[in-house]
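Each chain is listed here by its residues.
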Amino acid sequence: MKIVHGTEVLTTVEEWIDPKRTAIVVIDMQNEMVSEQGGYARQGIDTSPIRAIVPNVQRLVNAARRAGVVVAFAEFVHRNRFGVNMVDGSNYYRNRDDGWVPCIQEGDWEAQTTDELATDRRDLVFVRSRGSIFSGNGLDNTLRGFGVRNVVLTGTAISGSLYHTYRDGRMRGYYTPVATDAVAVVHDRIEQQVLAHIGPGLTTNQIASHWEKEA
């Protein structure tokens, strides 16, 4: 830790992932994107890069639970459980020329986190309809209530939800370490460039080993 103009600045891995002050967030690891029966796979989209990170995310989540780290899952939906569209035109603009646009409804199988990463009753589950996981769902206030100052990011997609969350988290005063081998690289060139500029970047082993020792 260093002091810059009277402000504490965390500078070490141990500080960035301190179990007493850290949460891990699993972003959009839902059946629609992960499962071979989900909408992405049915449309012929290669979901293997997303499925490939599941073991690393599993290890991080299990280590976090044992070490007392706050575990949160963020699930994206396009419609709420009443069928009301939650995504507006400005956010659909990027999909205006797509041949297929997903439409996940809250409560449906597609919206649920994949069984391989089954949520525990102690976990937090937040639903959202915007890029940042902090948008419109009370997650920020909940994490502050737990005394969280670091948010470890995992999941998909680097150039979408994960990137928006990274930027939003920084603006809200969180340290946002990224588990670089527990995030899905789907669009190689773009997302590798994004990943190189966000962080700090840590490996699953760096994070999980520390939590496993703490547990």
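The structure presented is a predicted model; accordingly, all values stated were derived computationally and were not measured. (Residues numbered from 1 in each chain as written. Predicted model: local features only at pLDDT ≥ 70, side-chain atom pairs only at ≥ 80, totals over all residues. Heavy atoms only, no water.)

## Concerning helix 10 (residues 204-214)
Stage number 1. Residues of helix 10 that are buried include every one of Thr204, Ile207, Ala208, His210 and Trp211, and no others. Within helix 10, the buried residues cover an arc of 160° as seen down the axis, which keeps them to one side.
Stage number 2. Against the buried residues of helix 10 lie helix 1 (13-16), strand 3 (22-27), helix 5 (54-67), strand 6 (150-155), strand 7 (178-183) and strand 8 (201-202). (Buried < 20%, exposed > 50% of the residue type's maximum accessible area, 1.4 Å probe, protein only. Helix = DSSP H or I, 4+ residues; strand = E, 2+ residues; numbered from the N terminus. Arc of directions from axis to C-beta. Contact = heavy atoms within 4.5 Å.)

## So, the packing of aromatic side chains
Stage number 1. Applying the stated criterion across every chain, the model contains two aromatic pairs.
Stage number 2. Judged by centre distance (5.6 Å) and plane angle (90°), the ring pair of tyrosine 40 and tryptophan 100 falls under edge-to-face. Highlighted residues: tyrosine 40 in helix 3 (residues 39-42) and tryptophan 100 in the loop between helix 6 (89-92) and strand 5 (124-128), separated in sequence by 60 residues.
Stage number 3. Pairing phenylalanine 134 with tyrosine 174 gives two aromatic rings, centres 5.4 Å apart and planes at 15°, and the pair type is stacked. Separated by 40 residues along the polypeptide, phenylalanine 134 in the loop between strand 5 and helix 7 (139-145) and tyrosine 174 in the loop between helix 8 (158-171) and strand 7 bring together distant segments of the chain.
Stage number 4. Using a relative accessible area of 3% as the deciding quantity, one classes tyrosine 174 as buried.
Stage number 5. It is arginine 96 that lies over the ring of tyrosine 93; its NZ or CZ is 3.8 Å from the centre. (Phe/Tyr/Trp six-rings, centres within 6.5 Å; stacked < 30°, edge-to-face > 60°. Lys NZ or Arg CZ within 6 Å of the ring centre and 35° of its normal.)

## With respect to helix 5
Stage number 1. Between its terminal C-alpha atoms helix 5 stretches 20 Å, which fits the 20 Å expected from 14 residues at 1.5 Å a residue.
Stage number 2. Within helix 5, the full set of buried residues consists of Val54, Val57, Leu60, Val61, Ala63, Ala64 and Ala67.
Stage number 3. Phi for glycine 68, located one or two positions after helix 5, is positive at around 85°. (Expected span 1.5 Å × (residues − 1).)

## A word on the sheet that holds strand 5
Stage number 1. Strand order in this open sheet of six strands is 5-4-3-6-7-8, and the pairing throughout is parallel. The open sheet has two free edges, formed respectively by strand 5 and strand 8, since each of these has just one partner strand.
Stage number 2. Here strand 3 pairs with strand 4 (residues 70-76) via five bridges, running parallel. Opposite valine 25, over in strand 4, you have alanine 72 as the bridge partner. (Pairing = 2+ DSSP bridges.)

## Some words on the pattern of salt bridges
Stage number 1. The tally for this structure, following the rule as stated, stands at eleven salt bridges.
Stage number 2. With a closest N to O distance of 2.8 Å, arginine 144 and aspartate 140 form a salt bridge. Placement of the pair is arginine 144 and aspartate 140 together in helix 7, with a separation of four residues, close to one helical turn.
Stage number 3. According to the relative accessible area criterion, aspartate 140 is buried, its value standing at 13%.
Stage number 4. The salt bridge partner of arginine 172 is aspartate 168, with a shortest N-O separation of 2.9 Å. (Salt bridge = Lys/Arg side-chain N within 4 Å of Asp/Glu carboxyl O.)

By themselves, these observations are geometric and do not establish any function.
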